[in-house]
Amino acid sequence: MAVETKLPYDKQYVTQFSEGRGEPDWMKNFRLEALEQAENLPMPKPEKTKIDKWNFTNFTHHVSGDKVDSIDELPDEIKAFFNEDKSKNVIIQRNHSVAFSSVSETLTDKGVIFTDIQTALHEHPDLVKKYYMRDAIKVDDNRLTALHAALLNGGVFVYVPKNVVIEDPLQVVFWQEDDEAALYNHVLLVADQGSEVTYVENYISQNTEKQSVANIVTEVVALDQARVSYGAVDNFATGTTTYVNRRGVAYRDAKIEWAIGQMNDGNTISENVTNLMGDNSYAEAKAVSVGRGDQKQNFVANITHFGKFSEGYILQHGVMKDDANSIFSGIGKIEHGAMKSDAQQESRVLMLSQGARGDANPILLIDEDDVTAGHAASVGRVDPVQLYYLMSRGISKAEAERLIIHGFLNPVVEQIPIEAVRKQLTQVIERKVN
Amino acid sequence: MAASTLEIKDLHVEIEGKEILKGVNLTINGGEFHAVMGPNGTGKSTLASAIMGHPKYEVTQGKVLLDGEDVLEMEVDERAKAGLFLAMQYPSEISGVTNSDFLRSSINALRGEGNEIPLMKFIKEMDEAMDYLEIDKNMAQRYLNEGFSGGEKKRNEILQLMLLKPAIAVLDEIDSGLDIDALKVVSKGINKLRGEDFGCLIITHYQRLLDYITPDKVHVMMQGRVVKSGGPELAKRLEEEGYDWIKEELGIEDETVEQEA
Ligand SMILES: Nc1ncnc2c1ncn2[C@@H]1O[C@H](COP(=O)(O)OP(=O)(O)OP(=O)(O)O)[C@@H](O)[C@H]1O
Ligand SMILES: [Mg+2]
């Protein structure tokens with residue numbers, strides 16, 4: 001291959017790392033195979049975004065983090081993610097260790113598994129093996145997914161048994177406390193038939209100077225009639241280059257709803273793909289972003305229809321300021337045979353400065369006649385007539401702009417089910433757009 | 001608060017380089033209700049927009065004074081703070097901003113920093129006004145004008161009027177698209193504000209609104225000017241006979257702004 005980036009970690013390192021974590025043999029071999037594949041796989045090729053100069057190699061792979069006995073011992077910026085009446089189902093990952101975790105007895109009694117990925121590999125190896133990087137994403141998707149499989153160093157496993165309905169959201173915070181710690185983080189969420197779960201995660205770091213990498217994969221498997229609502233707020237600082245791939249598979253009558261706040265300050269590739277495998281399955285992919293500084297970002301939301309009567313709805317709203325540059329692609333794909341399916345999407349970009357750039361690429365790929373599909377896309381500035389309307393009621397120009405921008409990003413904010421996270425996201429938006 | 005006076009003097013307005021208003025003169029005092037009528041495209045909304053400061057309209061000549069203060073020098077929000085209000089013919093839709101958040105921001109903007117309305121008081125006032133205008137309470141949590149029917153938008157404009165209590169209001173076709181019951185409700189809302197401290201300029205095509213809100217004066221606009229003024233009887237005659245007699249009387253062939261008189 002022409003552009004050869006040397007892999008920062010070799011076979012011996014990966015073997016030792018896996019053994020050190022006491023992983024089952026299949027996992028070690030899975031990693032080693034992935035490492036080998038990584039050498040020959042191409043990098044992902046995000047549309048219209050050049051990533052050859054991005055840092056994917058400069059990071060520290062293993063940094064532990066201190067445990068705490070209660071959430072109150074954590075610094076304010078982490079505490080802020082939790083409601084006053086602290087949720088009972090929480091995992092806080094600090095660098096590559098679990099700093100705090102708790103699961104209510106009601107859930108464990110029902111057979112719900114909500115634990116870090118390392119523990120899951122010990123306690124539920126077969127269940128993890130059954131779903132890990134099989135249906136939702138393939139190891140050989142590209143070099144970064146293979147590297148992810150080889151270097152996995154954190155994450156969470158969720159299993160909701162048949163017909164179990166979890167009322168309270170499961171809440172996870174992934175905290176890159178160390179400036180150089182790389183999160184090769186994997187979230188595997190399996191909702192068995194007829195189950196329901198709401199999951200909310202936050203990623204956060206503060207490394208403005210030092211460089212690191214986040215290579216994140218999420219897999220959501222919604223079996224027949226399952227319902228998964230997945231909220232995420234990504235908020236890595238400028239130093240972290242992010243590759244995040246959130247994948248979902250929905251089987252018959254299953255429903256997956258994504259609400260993703262993409263608030264990273266560093267260069268980012270974010271992909272969100274849902275395959276609607278089953279008849280009458282449903283997916284909603286809502287994502288909002290704010291770009292600032294000179295960061296470059298590439299966002300893809302893809303819903304692919306295989307099942308009949310399947311419904312997919314994509315919404316992407318981005319606000320760009322300073323010299324930020326972002327590409328938004330919305331892909332609605334209907335495979336042959338997925339008749340009576342409906343693929344809808346909306347991509348809108350709001351530009352707040354002359355130097356900012358935003359592209360919205362709506363793509364419909366349809367291989368079946370008996371379907372409905374539609375898209376709306378726009379790139380523009382704050383509408384002066386909207387400003388005029390608000391100002392005509394006495395609202396100042398700055399406040400009117402603020403209202404319009406928050407309103408524009410609201411489709412995701414209002415969807416986040418945990419009040420503290422919602423508030424925190426609103427504050428991040430506030431900070432970023434002003 | 002003492003009664004305010006809005007004076008419009010020889011107002012000339014252009015939009016995208018085209019002159020629409022060609023010298024409008026009007027004075028509205030607190031306590032007075034004025035109706036402005038006139039065929040389509042004669043400059044009525046242009047007048048309303050220029051008073052409020054719509055970004056597309058450029059005033060090229062003339063004055064707008066509120067109690068002697070130069071309105072045209074003010075930013076749009078300053079005009080509202082000075083006591084002006086415009087119920088728009090086509091209100092904007094603003095996604096993601098709830099009607100109630102918008103109303104509270106507006107009220108607080110007018111009250112000024114440090115004098116914000118207590119939340120409970122706001123909710124009470126909003127609920128009362130919504131009841132008065134027979135607006136479904138759900139409308140408070142819906143996004144501002146988004147997906148509102150034509151009639152709902154108009155009622156929502158009047159809701160704002162009632163809560164913001166301006167000194168001088170311009171109502172641009174507040175009756176269009178309203179069914180007869182809604183028309184009564186909206187008129188009731190406007191009449192409630194009647195008093196020495198409130199002046200109103202009502203732009204309408206129909207006598208039926210004026211059956212409920214009796215104007216003190218009626219003005220007819222053609223070719224970007226006020227061409228005739230009179231009492232309530234003028235509106236009645238227009239309803240019965242249309243505009244032809246005025247055109248004849250004044251020797252106007254084309255009443256639109258395209259034509260120079
Ligand atoms: N952007 C524009 N460019 C050119 N002409 C315009 C523009 N906007 C409005 N006009 C013209 O200005 C004239 C006056 O419009 P205005 O909206 O003030 O009329 P109006 O009296 O309110 O009519 P209606 O009763 O139909 O509401 C019309 O002829 C209209 O076509
Ligand atoms: Mg008009």
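All values derive from a computational prediction rather than experimental measurement.

**Let's talk about a negative patch on the surface**
Residues and elements named next belong to chain A.
Move 1: A surface patch of negative charge is lined by E84, D85, E167, D168 and E196.
Move 2: You can see D85 is positioned in the loop between α3 (76-79) and β1 (90-94).
Move 3: A residue is classified by how much of its surface remains accessible, and D85, at 63% relative accessible area, is exposed.

**Digging into unusual backbone geometry**
Residue and element names in this part refer to chain A.
Move 1: Phi at D253 takes a positive value of approximately 60°, unusual for a residue other than glycine.
Move 2: Structurally, the position occupied by D253 is in the loop between β10 (240-250) and β11 (255-262).
Move 3: A positive phi angle, close to 60°, is found at K340, a residue other than glycine.
Move 4: Summarising the element assignment, K340 is placed in the loop between β16 (325-334) and β17 (342-351).

**Here we look at the coordination of the magnesium ion (ligand 2)**
Residues and elements named next belong to chain B.
Move 1: The magnesium ion (ligand 2) binds to the protein through S45 (OG) and Q89 (OE1); the donor distances cover 2.0 to 2.2 Å. A residue pair is termed long-range when its members are at least 10 positions apart, and S45 in helix α1 (residues 44-52) and Q89 in the loop between β6 (84-87) and β7 (94-98) qualify at 44 residues.
Move 2: Overall, the relative accessible area of 22% leaves S45 in the partly exposed class.

**Observations regarding helix α8 (residues 232-241) of chain B**
All names here are of chain B.
Move 1: Looking at α8, one finds that the buried residues are L234, A235 and L238. Relative to the axis of α8, the buried residues are bounded by an arc of 100° and lie together on one face. Exposed side chains of α8 directed beyond 90 degrees from the buried face belong to E233 and E240.
Move 2: Looking at the buried side of α8, the elements it contacts are β3 (33-37), α7 (207-212), β11 (217-222), β12 (225-230) and α9 (244-250).
Move 3: Where α8 terminates, the next one or two residues include G242, which has phi positive at roughly 75°.

**Considering the UniProt feature "domain: SUF system FeS cluster assembly SufBD N-terminal" (unreviewed entry) in chain A**
Move 1: As recorded in UniProt, the sites labelled "domain: SUF system FeS cluster assembly SufBD N-terminal" (unreviewed entry) are residues 24-172 of chain A.
Move 2: Regarding residues 24-172 of chain A, the helix share stands at 32% and the strand share at 17%, and the terminal C-alpha atoms are separated by 25 Å.

**Remarks on the UniProt feature "domain: ABC transporter" (unreviewed entry) in chain B**
Move 1: When the UniProt feature table is mapped onto this chain numbering, "domain: ABC transporter" (unreviewed entry) sits at residues 6-248 of chain B.
Move 2: The span residues 6-248 of chain B is 38% helix and 30% strand, and its two end C-alpha atoms sit 31 Å from each other.

**Quick word on the side chain of N410 of chain A**
Move 1: By secondary structure assignment, the location of N410 of chain A is in helix α9 (residues 397-413).
Move 2: Overall, N410 of chain A belongs to the buried group, its relative accessible area being 15%.
Move 3: Setting aside anything within four residues of it in sequence, one finds N410 of chain A in contact with G96 and Y143 of chain B.

**Here we look at the packing of helix α3 (residues 99-111) of chain B against helix α5 (residues 150-164) of chain B**
Residues and elements named next belong to chain B.
Move 1: It is at 10 Å that the axes of α3 and α5 come closest, and there the two elements cross at 30°. In the crossing of α3 with α5, the sense of the turn from one axis to the other is right-handed. Residues N99, F102, L103, S106, I107 and L110 of α3 lie in contact with α5, whose contacting residues are N156, L159, Q160, L163 and L164.
Move 2: Class assignment of the residues belonging to the contact of α3 with α5 gives a composition of seven nonpolar, four polar and no charged.

**A few points about the sheet that holds β3 of chain B**
Residues and elements named next belong to chain B.
Move 1: One open sheet accounts for six strands, arranged β6-β9-β10-β3-β11-β12; its pairing is mixed. Strands with a single pairing partner mark the edges of an open sheet, and in this sheet they are β6 and β12. Across the sheet, the axes of successive neighbouring strands diverge by a mean angle of 20°, strand direction being ignored.
Move 2: Inspection of the sheet shows strand β9 (residues 168-172) paired to strand β10 (residues 199-203) by five bridges, in the parallel sense. Each residue of the ladder has a partner; that of I168, found in β10, is G199.
Move 3: Together, β3, β11 and β12 form the strand contacts of α8, whose direction differs from that of β11 by roughly 50°.

Calculation rules
Residues numbered from 1 in each chain as written. Chains lettered and ligands numbered in written order. Predicted model: local features only at pLDDT ≥ 70, side-chain atom pairs only at ≥ 80, totals over all residues. Heavy atoms only, no water. Patch = residues over 30% accessible without salt bridge, like charges linked within 9 Å, V, L, I, M, F, W, Y side chains within 5 Å. Areas by Shrake-Rupley, 256 points an atom, 1.4 Å probe, with all protein chains shown as cover. Salt bridge = Lys/Arg side-chain N within 4 Å of Asp/Glu carboxyl O. Lys, Arg positive; Asp, Glu negative; His and termini not counted. Charge placed at Lys NZ, Arg CZ, Asp CG, Glu CD. Helix = DSSP H or I, 4+ residues; strand = E, 2+ residues; numbered from the N terminus. Buried < 20%, exposed > 50% of the residue type's maximum accessible area, 1.4 Å probe, protein only. Donors = N, O, S within 2.8 Å, 3.2 Å for Na, K, Ca; no water. Arc of directions from axis to C-beta. Contact = heavy atoms within 4.5 Å. UniProt positions renumbered as here; feature names shortened; annotations may be inferred. Axes fitted to C-alpha atoms, helices over the stretch in contact; angles between N-to-C directions. Left-handed = near helix turned anticlockwise from the far one by under 90°. Nonpolar A, V, L, I, M, F, W, Y, C, P; charged D, E, K, R; others polar. Pairing = 2+ DSSP bridges.

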